[in-house]
Amino acid sequence: MSTSTRVATAMTWLSAGLEHPDNDLVARLVDFTAAAEASVSSYLGLLVWVGESATTIEFTWGPKLPAETGVPIPAGASLQIEFAGSRESGPTVRIVLYAARPGAFVDLMADLSWLTGHLSNQFILDAHVDGAVTRGNLQQVATDSIINQAIGVLIEGGLTPSEAEAELTSGIANTLADRGARAARVLAGLPTHPPDEPSA
Amino acid sequence: MTDGSRPHAAGEPVIPIAEAADFEGAEDLRASLGQLAGLVSDRLGLQDLLTSVATFAVGAIPGADGAGVTLLRVGGTGSRIEALAASAQFVSDIDQLQYETLQEGPCITAVMERRTVRSGSLGGEKMWPRFGPRVGRLGVHSALSLPLLLPPHQHGPDVGAVGAINVYARDKDVFTEHAAHLGELFAVPAAVAVHNAQVLATARSLATQLQEAMSSRPIIDQAIGVLRARAGISESEAMARLRGISQREHTKLATVASRLIQEATQRARARHTDQ
């Protein structure tokens with residue numbers, strides 16, 4: 001499965017939990033890509049990093065990026081845009097744009113800084129030109145989902161939340177993979193339906 | 001936006017101020033471009049920016065009674081309107097007529113043909129045989145539409161129009177060639193400003209939805225687990241039930257999920273107390 005397909009699958013799955021049913025992370029990625037491509041002629045693609053929460057994810061996206069994970073991005077320029085997280089809004093999001101031509105983002109950064117009244121830290125120019133294609137740890141999104149569903153199953157079965165979390169970690173190495181495997185067994189023990197975890 | 005040759009300091013707006021020698025309307029144009037360059041706000045949303053651009057356009061173009069800005073969604077399988085703004089209600093009414101009712105009018109022509117379009121007598125205008133007379137009956141007789149075009153040397157030759165500025169006047173024959181020229185001078189930096197605002201707006205929209213998805217998903221997944229155990233249903237069926245409750249009760253999905261978890265936890269704690 002290509003990187004872009006994995007990303008689209010993970011984003012579609014994440015979109016299912018958004019408040020407004022018309023909200024769609026894939027559509028947002030497409031919209032942003034179209035706007036960025038029109039703004040910078042040598043635009044290649046972007047990297048998204050979402051962090052400072054229980055789960056950190058990172059992935060690249062763009063039709064002009066190399067298809068395979070780990071391949072260096074032939075970027076001559078980059079622009080990072082950061083949306084700081086908070087208790088109300090959620091985790092910090094960083095979007096890094098890549099372009100082939102050196103200096104490609106100078107004007108865009110100046111305009112974005114002027115539009116927001118920020119002179120410095122929301123935008124960082126040319127600090128990520130050595131990036132590589134990644135689907136990062138999108139699998140963690142799927143594993144965390146299984147773990148949280150298993151916690152819900154155990155709570156419904158009579159355990160308190162802390163007991164449920166302890167049930168998933170007792171006697172094992174407490175790696176994400178171990179907890180995920182134990183959680184999957186909890187879900188597999190449910191009647192009628194197997195777990196339909198997202199494949200990222 | 002620069003012309004590719006003028007360096008600028010960090011934070012300096014890159015919208016060029018017209019440096020042409022004095023000509024009729026030059027002061028108003030410079031004032032409007034200066035206002036465009038001064039649109040600095042921590043929270044200036046796309047809609048507010050477009051409304052401001054429309055208002056400044058009225059100041060820049062002699063004879064204008066009102067103006068509107070249309071922003072198109074760039075790329076994809078066809079253009080569609082992303083946002084609309086107007087300096088006055090009558091402009092909104094005319095643009096609704098143009099885009100929604102008739103799908104005909106000066107902005108549509110300007111965008112499709114990527115050229116400035118002008119009319120001094122809308123009532124008898126052959127270019128728009130349905131739009132013109134209807135707008136004429138509203139008491140508006142002159143129109144000037146300017147496509148918002150990104151500079152091709154920076155943005156590629158095939159981007160097309162990212163939108164348009166529509167300017168209207170109640171009297172006939174208001175917009176001369178000179179007015180059209182001033183409008184074109186205003187439209188160049190306006191195109192880059194509104195498009196880059198759209199870049200920021202789409203980035204913000206992506207980030208906001210990612211933040212929401214990542215922060216609410218853990219509690220939603222736990223609630224899915226509760227429902228799966230209670231009812232023996234699949235993940236997708238459990239999600240559908242949560243969304244159904246959310247819609248019926250007009251309550252946020254995450255709030256419904258949180259309540260389910262709390263109720264299940266209270267039952268679990270009550271069982272512990274009983275034992």
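This text follows the structure it describes.
Notes on the structure in this doc start here.

Parameters and conventions
Residues numbered from 1 in each chain as written. Chains lettered and ligands numbered in written order. Predicted model: local features only at pLDDT ≥ 70, side-chain atom pairs only at ≥ 80, totals over all residues. Heavy atoms only, no water. Helix = DSSP H or I, 4+ residues; strand = E, 2+ residues; numbered from the N terminus. Buried < 20%, exposed > 50% of the residue type's maximum accessible area, 1.4 Å probe, protein only. Contact = heavy atoms within 4.5 Å. Areas by Shrake-Rupley, 256 points an atom, 1.4 Å probe, with all protein chains shown as cover. Pairing = 2+ DSSP bridges. Phe/Tyr/Trp six-rings, centres within 6.5 Å; stacked < 30°, edge-to-face > 60°. Lys NZ or Arg CZ within 6 Å of the ring centre and 35° of its normal. Buried area = accessible area lost by both parts, 1.4 Å probe. Salt bridge = Lys/Arg side-chain N within 4 Å of Asp/Glu carboxyl O. Nonpolar A, V, L, I, M, F, W, Y, C, P; charged D, E, K, R; others polar.

Regarding its fold elements, chain B presents nine helices and five strands. Start at the N end of chain B and walk to the C end: the helices and strands fall as α-α-β-β-α-α-β-α-β-α-β-α-α-α. Split into buried and exposed, the 275 residues of chain B put 52% on the buried side. Looking at chain B alone, contacts between residues at least 24 apart form 61% of all its contacts between residues at least 6 apart. In the form shown here, chain B has an accessible surface area of approximately 12,100 Å², with 50% of it arising from carbon and sulfur atoms.

Remark: a regular strand shows side chains that alternate across the two faces of the sheet. All names here are of chain A. Burial of strand S2 (residues 57-61) is extensive: four of the five residues sit out of reach of the surface. Where strand S1 (residues 43-51) lies against S2, five bridges are found, and the strand directions are antiparallel. Across the sheet, Leu 47 pairs through a bridge with Thr 60, a residue of S2.

Within this structure, the stated rule accounts for one aromatic pair over all chains. Residues Trp 128 of chain B and Phe 131 of chain B carry aromatic rings whose centres are separated by 6.3 Å and whose planes lie at 85 degrees to one another, so their mutual orientation is edge-to-face. By relative accessible area, which is 2% here, Trp 128 of chain B ends up buried. The class of Phe 131 of chain B is buried, set by a relative accessible area of 0%. Here Arg 170 of chain B stacks its cationic end above the ring of Phe 90 of chain B, 4.4 Å away from the centre of that ring. Above the ring of Trp 13 of chain A, the side-chain terminus of Arg 217 of chain B is found at 3.8 Å from the ring centroid.

Right, let's talk about the interface of chain A and chain B for a bit. In this assembly, 72 residues from chain A lie in contact with 78 residues from chain B. For the pair chain A and chain B, the two sides together bury roughly 6,200 Å², of which 60% comes from carbon and sulfur. Across the pair Arg 230 of chain B and Glu 156 of chain A runs a salt bridge whose closest N-O atoms are separated by 3.1 Å. Within the residue set of the side of chain A that touches chain B, elements represented by two or more residues are helix H1 (3-15), helix H2 (25-39), S1, strand S4 (92-99), helix H3 (106-116), helix H4 (138-156) and helix H5 (161-169) of chain A. It is H2 of chain A that provides the largest number of residues to the side of chain A that touches chain B, a total of twelve residues. Its residues assigned to classes, the side of chain A that touches chain B shows 41 nonpolar, 20 polar and eleven charged.

Next up on the list: the pairing of strand S3 (residues 77-83) of chain A. Residue and element names in this part refer to chain A. S3 sits mainly inside the fold: six of its seven residues count as buried. Looking at chain direction, S3 and S4 are connected through seven bridges and run antiparallel. In the strand pairing of S4, Glu 82 is matched with Arg 94. Pairing of S3 with strand S5 (residues 123-125), which is carried by three bridges, proceeds in the antiparallel orientation. Its bridge partner being in S5, Gln 80 is matched across the sheet by Ile 124.

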